[in-house]
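Letter by letter, the chains look like this.
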Amino acid sequence: TGKLAKLLFVVFLTGVPEAMLAPIYLTYLQDRFTTDVDSLAWAFFPAGLVTAFLSTRLGSLSDRYGYGLMMAVGLAGAGVLAFFMPNLPSLLWLTIVYTSSAIFFALSEPAETAMVAELTGRERRGMGFGAYDFVESLGFTIGPVLGGLVYDTIGQQVPFYLNGAALILGALWVWLFLRQAR
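Residues numbered from 1 in each chain as written. Predicted model: local features only at pLDDT ≥ 70, side-chain atom pairs only at ≥ 80, totals over all residues. Heavy atoms only, no water.

### With respect to the overall build of the chain
Secondary structure assignment for the chain yields six helices and zero strands. Secondary structure elements in the chain, listed N-terminal to C-terminal, are α-α-α-α-α-α. A globule of 182 residues ought to have a C-alpha radius of gyration of about 16 Å, and the chain, at 16 Å, matches this closely. With respect to the three principal axes, the spread of C-alpha positions in the chain is 50 × 35 × 25 Å. Out of the 182 residues belonging to the chain, those deemed buried represent 43%. Look at the contacts in the chain between residues 6 or more apart in sequence, and 85% of them connect residues 24 or more apart. With an accessible surface of roughly 9,200 Å², the chain has 67% of that area assigned to carbon and sulfur atoms. (Helix = DSSP H or I, 4+ residues; strand = E, 2+ residues; numbered from the N terminus. Rg over C-alpha atoms; globule rule 2.2 N^0.38 Å. Buried < 20%, exposed > 50% of the residue type's maximum accessible area, 1.4 Å probe, protein only. Contact = heavy atoms within 4.5 Å. Areas by Shrake-Rupley, 256 points an atom, 1.4 Å probe, with all protein chains shown as cover.)

Listed below in structure tokens is the structure:
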């Protein structure tokens, strides 16, 4: 359907810059703050807990308020926070912002997958999730290569800004074209 194509577009649009950060995030933290692995592990720990425990709870909000709204709020919130990440003064602040970003993703990602199920219907759900997984994986394939290239050639902060801009554009796209979903 047309709405599924619009959803798949935003999945790709936001997937590439999200994946850009995957290979460079730890490198950036080591370049900027510390090479102590224990400190870095503790910086990721709260976000891991959020991802593990809050996704299902926050996912229920999309059932109540709508998939499109929760997806837009989650993408926009994570996008705004991405702009702050490269300029944070300490690892503690980065941990707080990164964990807050994980909360916004825990809000948007369940809504995104629920929207796939709703837009494809029971008889085409397998095809819908196959297309969703393909588009997401395509973005996750291109993103790391692009992220490393941008980090090394343009600047260490640029992937964060590109991520933030893409997430905010994705939120706007969802708000304009998909907010009526559920």
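### Quick notes on the packing of helix H5 (residues 125-153) against helix H6 (residues 158-177)
Remark: H5 packs on H6, axes separated minimally by 8 Å, with the N-to-C direction vectors making an angle of 130 degrees. When the axis of H5 is compared with that of H6, the two are oblique. In this structure, H5 contributes Gly147, Val150 and Tyr151 to the contact, and H6 contributes Val158, Pro159 and Leu162. Residues that form the contact of H5 with H6 fall into these classes: five nonpolar, one polar and no charged. (Axes fitted to C-alpha atoms, helices over the stretch in contact; angles between N-to-C directions. Parallel < 35°, antiparallel > 145°, perpendicular 65-115°, else oblique. Nonpolar A, V, L, I, M, F, W, Y, C, P; charged D, E, K, R; others polar.)

### A closer look at the nonpolar core
Counting residues in hydrophobic clusters, the biggest one holds 25 residues, and the most contacted among them are Leu7, Val10, Met71, Leu75, Met115 and Val174. Counting only elements with at least two residues in this core, the list comes to helix H1 (2-32), helix H3 (67-84), helix H4 (91-120), H5 and H6. If you tally residues by element for this core, the top one is H4, at seven residues. Counting residues in each nonpolar core, the second largest holds 15 residues, with Leu21, Leu29, Tyr151 and Phe160 among its members. (Core = buried A, V, L, I, M, F, W, Y, C linked by side-chain atoms within 4.5 Å.)

### Points about the layout of surface pockets
Taken as a whole, the largest pocket holds about 410 Å³ of empty space. In terms of lining, the largest pocket is formed by 19 residues, of which the most central are Glu18, Leu21, Tyr98, Ser101 and Phe105. Put simply, the parts of the chain that give the lining of the largest pocket at least two residues each are H1, helix H2 (37-65), H3 and H4. Among the elements that line the lining of the largest pocket, the one with the most residues is H4, at six residues. Split by residue class, the lining of the largest pocket holds 12 nonpolar, five polar and two charged. (1 Å grid on protein atoms, 1.4 Å probe; cavity = no way out; pocket = protein on both sides within 12 Å on 5 of 7 lines; lining within 4 Å. Points joined across faces, edges and corners; volume = space filled by probe spheres on them.)

### A short note on the environment of leucine 92
Residue position: leucine 92 is located in helix H4. For leucine 92 and tryptophan 42, which are 50 residues apart along the polypeptide, the C-alpha to C-alpha distance reads 9.6 Å.

### With respect to a nonpolar patch on the surface
Together, Phe134, Leu138, Ile142, Leu146 and Leu149 make up a nonpolar patch on the protein surface, roughly 450 Å² of accessible area in all. Mapped onto the secondary structure, leucine 146 falls in helix H5. (Patch = residues over 30% accessible without salt bridge, like charges linked within 9 Å, V, L, I, M, F, W, Y side chains within 5 Å. Salt bridge = Lys/Arg side-chain N within 4 Å of Asp/Glu carboxyl O.)

### With respect to H4
The end-to-end C-alpha separation of H4 is 43 Å, in line with the 44 Å expected for 30 residues at 1.5 Å each. Of the residues trailing H4, glycine 121 is marked for its positive phi of about 75 degrees. (Expected span 1.5 Å × (residues − 1).)

### Brief notes about the confidence of the model for the chain
Residues of the chain with pLDDT of at least 70 account for 98%, and the chain-wide mean is 90. Of all helices and strands in the chain, the one with the weakest mean pLDDT is H2 (87), whereas H3 scores best (95). (pLDDT = per-residue confidence, 0-100.)

### Focus: H2
Helix length check: H2 (29 residues) gives 40 Å between terminal C-alpha atoms against 42 Å at 1.5 Å per residue, within 8%. Along H2, the sharpest change in direction is near 55 degrees and occurs at leucine 54. Among all positions of H2, only Leu40, Ala43, Ala47, Val50, Leu58, Gly59 and Ser62 are buried. Residues of H2 that are buried make contact with H1, H3 and H4. Once H2 ends, the next one or two residues include glycine 66, with phi positive near 115 degrees. (Bend = angle between axes of the 7 residues up to and from the residue.)

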